[in-house]
Amino acid sequence: MSGRGRFVTFEGIDGAGKSTQIAFVEQWLRSQGADVLLTREPGGTAIGEALRELILHRSMQPRTETLLMFAARCEHVLAVIEPALAAGRWVLCDRFTDATYAYQAGGRGLPPADVATLERWVHPALQPDLTLLFDLDPAIAAERLARAQRSDRFEAEQRDFFARVREHYLARARAEPQRFVVVDTSRDKPVVQVQLVEAVGRLL
Ligand code: TMP
């Protein structure tokens, strides 16, 4: 690809089926000859992965949690995401700043304006070209999580927490319909995959 790469983010409540779909999009893009970098948040760098361990497993204040999310993101944007986009690569990122609005503002109840302040400081000029929001009823997501091993502080949250996270995600999608595609993961896999190919293919 010539010019700047494409930045695609993947969002949704825990248990919505995001991981399976990311693997599908990655494979499909590679089959189209795209140069793809798959990364995640919190994480994606040595510092970010170390912070991820703390964030997911150590109890802390919501504000501390938010600052650590952005500390990990700062390292990730500067050291990984921006250079890859500048080199013309596709960056597929498993969660980005929409997750902070949804989880820390929506779920934990912090003012969205505080998240916006950090966003402006850490990545004033960077926004995803496309955000795929994997949407599922929190009751169904909870059943899926119960079958998997509950392993971190977020997955252990109650249904009402995820209901708030979901509502905040959907509100963001309504506010920016040109950036978001909402994918209903309760539908059959082939139907979901057609929708993904259509959304991502538009950026090729
Ligand atoms: P993952 O399980 O999808 O890798 O994400 C790790 C957890 O971190 C997930 O439960 C959502 C949470 N998270 C936030 O609360 N805020 C954020 O900004 C990010 C990136 C993730």
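These lines cover the structure that appears in this document, whether it is placed above or below. (Residues numbered from 1 in each chain as written. Predicted model: local features only at pLDDT ≥ 70, side-chain atom pairs only at ≥ 80, totals over all residues. Heavy atoms only, no water.)

1. What about the packing of helix α3 (residues 62-86) against helix α4 (residues 97-107)?
Here comes step 1: At their nearest, the axes of α3 and α4 sit 11 Å apart, and the two run at 175° to each other. Comparing their axes, α4 and α3 come out roughly antiparallel. Across the interface between the two elements, Glu65, Thr66, Met69, Phe70 and Arg73 of α3 pack against Thr97, Thr100 and Gln104 of α4.
Here comes step 2: For the contact of α3 with α4, the class distribution of residues is two nonpolar, four polar and two charged. (Axes fitted to C-alpha atoms, helices over the stretch in contact; angles between N-to-C directions. Helix = DSSP H or I, 4+ residues; strand = E, 2+ residues; numbered from the N terminus. Parallel < 35°, antiparallel > 145°, perpendicular 65-115°, else oblique. Contact = heavy atoms within 4.5 Å. Nonpolar A, V, L, I, M, F, W, Y, C, P; charged D, E, K, R; others polar.)

2. Side note on unusual backbone geometry
Here comes step 1: Cis rather than trans, the peptide bond between Glu41 and Pro42 has omega equal to -10°.
Here comes step 2: Counting through the fold element by element, Pro42 comes out in the loop between β2 (36-40) and α2 (46-57).
Here comes step 3: Positive phi, normally seen in glycine, also occurs at Arg95, with a value near 80°.
Here comes step 4: In this fold, Arg95 is placed in the loop between β3 (90-94) and α4.

3. So, the pairing of strand β4 (residues 130-135)
Here comes step 1: Within β4, six of the six residues are buried, which leaves it mostly tucked inside the rest of the structure.
Here comes step 2: Residue alternation in β4 divides its side chains into two sets, Leu130, Leu132 and Phe134 and Thr131, Leu133 and Asp135, and both sets are buried.
Here comes step 3: Relative to β4, strand β1 (residues 6-12) runs parallel, the two being bridged by five bridges. Considered in β4, the bridge of Gly12 is made with Phe134. (Buried < 20%, exposed > 50% of the residue type's maximum accessible area, 1.4 Å probe, protein only. Pairing = 2+ DSSP bridges.)

4. Notes on the packing of aromatic side chains
Here comes step 1: A complete count under the given rule lists six aromatic pairs for this structure.
Here comes step 2: For the ring pair Phe7 and Phe96, a centre distance of 5.0 Å and an interplane angle of 85° mean the geometry is edge-to-face. Of this pair, Phe7 sits in strand β1 while Phe96 sits in the loop between β3 and α4, and the two are 89 residues apart along the sequence.
Here comes step 3: Plain terms: the ring middles of Tyr103 and Tyr169 are 6.3 Å apart, the flat faces sit at 80° to each other, and that makes the pair edge-to-face. Taken together, the positions of Tyr103 in helix α4 and Tyr169 in helix α7 (residues 159-175) put the pair 66 residues apart, joining distant regions of the chain.
Here comes step 4: Residue class for Tyr103 comes out buried when judged on its relative accessible area of 5%.
Here comes step 5: Each member of the aromatic cluster is reached from another via a ring pair, and the members are Tyr103, Phe154, Phe161, Phe162 and Tyr169.
Here comes step 6: Sitting above the plane of the Phe96 ring, Arg73 keeps its charged end 5.3 Å from the centroid.
Here comes step 7: We note Arg153 situated over the ring of Phe154; from NZ or CZ to the ring centre the distance is 5.4 Å. (Phe/Tyr/Trp six-rings, centres within 6.5 Å; stacked < 30°, edge-to-face > 60°. Lys NZ or Arg CZ within 6 Å of the ring centre and 35° of its normal.)

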